[in-house]
Amino acid sequence: MLQPAMDRVKSSMQQVPNAIPKVIRRTGGANSLELERENFERGQAVSINKAINTQEVAVKEKHARTCILGTHHEKGAHTFWAAVNRLPLSSNAVLCWKFCHVFHKLLRDGHPNVIKDSMRNKADLADMSRMWGHLSEGYGKLCSIYLKLLITKMEFHIKNPRFPGNLQMSNRQLDEAGENDVNNFFQLTVEMFDYLECELNLFLGVFNSLDMSRSVSVTAAGQCRLAPLIQVILDCSHLYDYTVKLLFKLHSCLPADTLQGHRDRFQEQFKKLKSLFYRSSNLQYFKRLIQIPQLPENPPNFLRASALSEHISPVVVIPAESSSPESEHVVETEDLVDTDIPSLPAPSEVKFDDLFGTSAAIDPFNFNSQNGMRKDDKDRLIEQLTREIQALKEELESFRLESGRLCQALRGRVNELEAELAEQSHLRLQAAGESEFLKAELDDLRRAREDTEKEQRSLTEIERKAQANEQRYTKLKEKYTELVQSHADLLRKNAEVTRQMTVARAAQDEVEAVRREMQEKVKSAQEAADRQEREQVKQLQELQRELVSTQTELDSLKTTMASSQQSSEVLGTQLVALESEKAELVQTLSKVEAELAVQGEELQRVQSSLATERESGVKTAEALQNQLNEKESREQALESQLVAARWSSLQGAVEEAERIIQDSLAQIDDPAHISCTSSADYLASRCQASLDSVERLQSAREAFLADNTAVLELVRVVTQCGHLVGDTIVQGSATSHMVPVEQADALSETVKTCGSEALALLGQMKQQGSLAAADSSRLRAALEAVLTTAEKLRPRGLELQQGELGDLVEQEMAATSAAVESAAARIEEMLNKSRAVDTGIKMEVNERILASCTELMQAIKELILSSKDLQRDIVESGRGAASMKEFYAKNSRWTEGLISASKAVGCGATVMVDAADMMVQGKGKFEELMVCSHEIAASTAQLVAASKVKADKDSANLHRLQQASRGVTQATAAVVASTKSGKSQIEDTETMDFSSMTLTQIKRQEMDAQVLVLELETRLQKERERLGELRKKHYELAGVAEGWGEEEEGTG
C-alpha cells in the first residue's frame, strides 16, 4: 500500500511544473505591457510613499534610488509628480521637507527630462514656499528656504541647458557654456552667485535650527534635517570651483574695477562656505557618509593671473559602503545565514551513515541491540559530534570575522585609491587646463612674432626705398654740378668773345658793323644763357621740393642740357670763325671779364645762400611737422582719458544707483521694516516723481549718445532716478503693511518687479555696448503698475476739490444749526404732548428731562454761533487766505476736521431727540438718552478743538466759544442727572411684593434671577467688546478721512 501512494505523489509532482507555464502563457498576451506599466507605477508609488512620509527620520537611500531609476525608466518625472500631487505637502512640514530632499536627488541624479517636467509645477512650489515662509522656526522656515533653492536650481538649468543636474562639467564644457562671449561669462557668474547664495542659506538655516551643544547628528530628528545637506555639499563644491575659474577668465578680459562687486560677493560667500564645510566635517553623521573637502586658508587672488595654477578644485568623495547605510546590517546577517546552513549537515550525516548504516541495513527492526548494548557508544559519538560542530562553528566565526576585517580594510584601501584617483584626475584636468593656457599663450607669442617679422620686413623695405631715393638724389646733384660747370665754361668763352669784340671795335672802324653784329649776337647769347640759368635754378628747386617726380625733372634737365650743348656747339663754330678777329680785342675786354667774374661770384654766393635757406626751411618744416604730430598725439591721449573719465563717472553713478535699489529691495525682507507704514497718496506722489525721472533719464541718455560731453546731466539724472525708484520701492513695501493681505502681496510683487526692471536697465547702461540699446519702457510700465495700484488703494471718502471745501463747511454748519433748531422744536412739541397726556410722577419726570434737553440744545446752538464767529475772525485777522473758501481750501485737513465735527454734532442732536421721544412714549430707555448726551458732549468738544486750532489766544470770540463749551458740558451733566433722577423715581414706584409667593415660587424666581444676571453679565461683556471694536473702527475711519496716516509718512 505504501508503494502505490508514493508513486502517485511522484507522478503528481512531475505533472505540476508542466501545468504552470501553460497558465502563464495564456494570461501574458496583449496585456503584458499594461501589466508591466501598472507594476511599475505601483512600485514607484510604494517607494515614493516610503521615502516621503511624516516620520522624522532621514530618507532611506534605497527608496530614493528606486525613484531615480524610475525616472530613467520612463525618461521623465510624470509618475513621480502624479504620486506627489496626492500628498498633503501644505499641511505637514516634515512631509514637505522629505519631499524636497527626494526632489533634490531627482534633479541631480534623475533623467535630464525631470527638470523640464517639473517646471510646470514651479508656480505651486513658489506658492508653497511663500506659505511655509510665514513660519519663523522649525521645519516650516526650512521648507520655505529649500523650495526657493529648488526653484532657483530649475531656473538655472533651464536657462543654462549645458549644465547637467549634478553640475559635473569639464573645463572645455565650461568654456563652451559661455560661447566665448565675455558678457555671457559675466551673466553666468552672477547666476552662479545667486545659486550658491540659496545653497548657503539652506546650509545656515539647518545649522541654526539645531542645538549644536548636543550630539544631534546621532538622533533620528537631527539626521532628518542633516541628510539633505549631502546634496547641498555636492552642489556647493562644483559651484565654488566654476565660480573661481569664471572669475579668473573675467579678470583676463575686463578691468579689475569693473569686477569689484564680483570679488566682494565671492569673498563673502567664500567665508560662509569655508565655515560651513569646517562645521560639517566635525559632525559624526557626515564622517561615515561623505568626505568633505577643506577650502584654502585664503581666497584666490584674482588680480594675479598665475594664481589660477594654485587653485585646487574641491573634490567630494562618497564612500561606496556609505551610499546605503541601512543595508549593511542586512548583508552581514545574510552572510551569517548562508555560511552556517550548508556547513553543518554534511559531516554529521556522513559520520552517522558510516557508523549506523550496517546494523540498520542488516536488522532494521532489532531495536534491543541498538538501544541497549551500544547506547554508550552513541552517547560518546553524539558528544564528539557536538564538540566538533562547536569547534567548526568557532572556526567559521573566526573566519567570518577575519573576512569582515579584510573586507573593511580592502574597502578603506579602495576609498583611499578612489580619493587618489580623483585627485590625480583633478591634477590631470588642471594640467590639461594649464597646457591649453600655455598653448594659447604660445599662439599669441607666435602671432606677435609674425607681426614683428612683418613690421621688420616693411621697415627694411622702407629703408631700401630711402637708400634708393638718396642715391637718386646724389645722381641728380652730380648732374646739377656738371651743368653749373658747363655754364661757367660758357660764361668764360662769352667773356673772351666780348673782349675780342671790344678790341676790334677800337682798332678797326671798318669792322664796326661786324662788331655791332657780334655784340648783338653776344647779347642774345648772354640772354639765352641767363634764361637757361634761371630755368636751371627753377628746375633745381623743383627737384628739391618734389623727390617723387625726380625722373621727370631729370628728363627735362637732360633735354635742357642737350639744347645747351647744341647752342654751345653753334657758338663754338661761330667763335672759331671769329677767333682770328677777336685776338686783338683781349686787352679791351679785360674789364668786362673782371665784371663778369664778380657777377659770377655773386651768382654762386646767391645760389649757396638759397641752398642754405632751402635746407633750413626743410628742417624747420620737419620740426614743425614733428611738433604737430606730437600735439595731435597728446590731444588724442587727452581725449581718450577724458572719454574714460566720463565713462568712469557714469559707471560710478550707475553702480551707486544699483546699490540704492538693491538696498531698498533688501529692506523689503528686513523684519525691522514690518513696523514701517505709509499711505497710498504718498506712494502715488513718489511713483509720479519716479516716472518723471525715468523720462529725464531717457532724454539724458539720448543726449549723451549724440554728444558724449553731456555726461554730467546723465550722471545727475541716474543718481536721482536711483534714489526715487528706491524710495518708491520702500514706500510701496511700507504701504503694503496697511492694506489687506491679497492687495499687500500684489503690491509687494509689483514693487519687486519694479526693482528688478530698474536693475536690468542700470545693468544695460553700465556697459558701453548695451547703452544704446537700453530700454526704459519696462521700468516705466512697472512704475505705472505701482501707480495704478496706489490709486486703487487711495481712500475714497473725501475726494473733493479744494474749491468745494469752503461751500461744504458752510453747508455742514448750516445743516448742524438747522438740526439743532429742529431738535429744540421737537423737544418743545414733546413737552406739550407730555403735559396733555401724562400725570403724576411720569409727567414730572418727562418735564424735567425735556427741559434739560431743551437747555442742552440752546447751549449747542450758542456753541455753533460762537464757532462761526471764531472761524470768521480767523479768516479776517489775516492768518488765512483772502476769502473764506480759499482759506478752507488752503487748510484742507483742518477744514475736514470741522466738517467731521459738525456732522457728529448734528447727528448726535437728531439721535438724542429720537431717544427722548421714545422715552416719553414709554418705549425707550433712560440709558439711551444718557449715552446720546455723552456723545453730543464729545462731538461739541471735537468742534471746539477744531475751531480754536488756528485762533488767536486773546480773541474774544475764542473766550465766548470756551464759555459756550462749558455751558454745553453743564447742560449735558444736567440731562444726565435729570435722567438718572427720573429713572430712580420711576423704579421706586415699582415695589416688589413677595408676600403671596410660596417657598418654591421664591426659589424658582431666585434661580430665574440668577440666570438673568448671568445672561446680562455675558451680554454686558460682549457689548463692551463690541463697543471697543466699534470705537477702534471709528478711529480707523476717522484717521483715513482726516489724513492721519499721511502725517506719519516720515516713519515709513
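Structural data are supplied above this passage.
These numbers come from a predicted model, not from an experiment. (Residues numbered from 1 in each chain as written. Predicted model: local features only at pLDDT ≥ 70, side-chain atom pairs only at ≥ 80, totals over all residues. Heavy atoms only, no water.)

A.B. asks: Just to check I follow, could you spell out the overall build of the chain for this structure?
C.D. replies: When helices and strands are tallied, the chain shows 33 helices and zero strands. A total of 1052 residues make up the chain; the buried ones form 35% of that total. Within the chain, contacts between residues at least 6 apart in sequence are counted, and of these 78% link residues at least 24 apart. Entry remark: accessible area of the chain is about 62200 Å², with carbon and sulfur atoms responsible for 54%. (Helix = DSSP H or I, 4+ residues; strand = E, 2+ residues; numbered from the N terminus. Buried < 20%, exposed > 50% of the residue type's maximum accessible area, 1.4 Å probe, protein only. Contact = heavy atoms within 4.5 Å. Areas by Shrake-Rupley, 256 points an atom, 1.4 Å probe, with all protein chains shown as cover.)

A.B. asks: What is the right way to read a negative patch on the surface from this model?
C.D. replies: Together, Glu450, Asp451, Glu453 and Glu455 give the surface a local cluster of negative charge. Within the fold, Glu453 resides in helix α18 (residues 375-507). Classification of Glu453 by relative accessible area gives partly exposed; the value is 39%. (Patch = residues over 30% accessible without salt bridge, like charges linked within 9 Å, V, L, I, M, F, W, Y side chains within 5 Å. Salt bridge = Lys/Arg side-chain N within 4 Å of Asp/Glu carboxyl O. Lys, Arg positive; Asp, Glu negative; His and termini not counted. Charge placed at Lys NZ, Arg CZ, Asp CG, Glu CD.)

A.B. asks: Just to check I follow, could you spell out the state of the cysteines for this structure?
C.D. replies: Disulfides are covalent bonds that connect the sulfur atoms of two cysteines. All told, the structure shown has zero disulfides when counted by the stated rule. Counting only cysteine sulfurs, Cys96 is the nearest neighbor of Cys143, a cysteine outside any disulfide, at a range of 3.9 Å. (Disulfide = S-S within 2.5 Å.)

A.B. asks: What is the right way to read helix α5 (residues 93-109) from this model?
C.D. replies: Since the α-helix turns once every 3.6 residues, residues separated by three or four places project in the same direction. Under the 1.5 Å per step criterion, the end-to-end length of α5 is 24 Å for 17 residues, consistent within 8% with the ideal 24 Å. Counting buried residues in α5 gives 16 out of 17 residues, a clear majority hidden from the surface. The N-terminus of α5 is capped by Asn92, whose side-chain oxygen sits 3.0 Å from the backbone nitrogen of Val94. (Expected span 1.5 Å × (residues − 1). Polar contact = N/O pair within 3.5 Å; in protein donor to acceptor, adjacent residues only side chain to side chain.)

A.B. asks: What am I meant to see in helix α12 (residues 229-251) here?
C.D. replies: Compared with the 33 Å implied by 1.5 Å per residue over 23 residues, the 32 Å span of α12 between its first and last C-alpha is a close match. For α12, the buried fraction is high: 22 of the 23 residues fall into the buried class.

A.B. asks: Looking at this structure, I do not really get empty space enclosed by the protein. What am I missing?
C.D. replies: Any empty space left between the atoms is revealed when a probe the size of a water molecule rolls over them. Under the counting rule described, the total for this entry stands at three cavities of 30 Å³ or more. Approximately 50 Å³ is the volume attributed to the largest cavity. Lining of the largest cavity is provided by Ala657, Ile661, Leu697, Val718, Cys721, Gly722, Val725, Ala758, Leu761, Leu762 and Leu779. Looking at which element gives the most residues to the lining of the largest cavity, the answer is helix α23 (residues 711-736), with four residues. For the lining of the largest cavity, the per-class residue count stands at ten nonpolar, one polar and no charged. (1 Å grid on protein atoms, 1.4 Å probe; cavity = no way out; pocket = protein on both sides within 12 Å on 5 of 7 lines; lining within 4 Å. Points joined across faces, edges and corners; volume = space filled by probe spheres on them. Nonpolar A, V, L, I, M, F, W, Y, C, P; charged D, E, K, R; others polar.)

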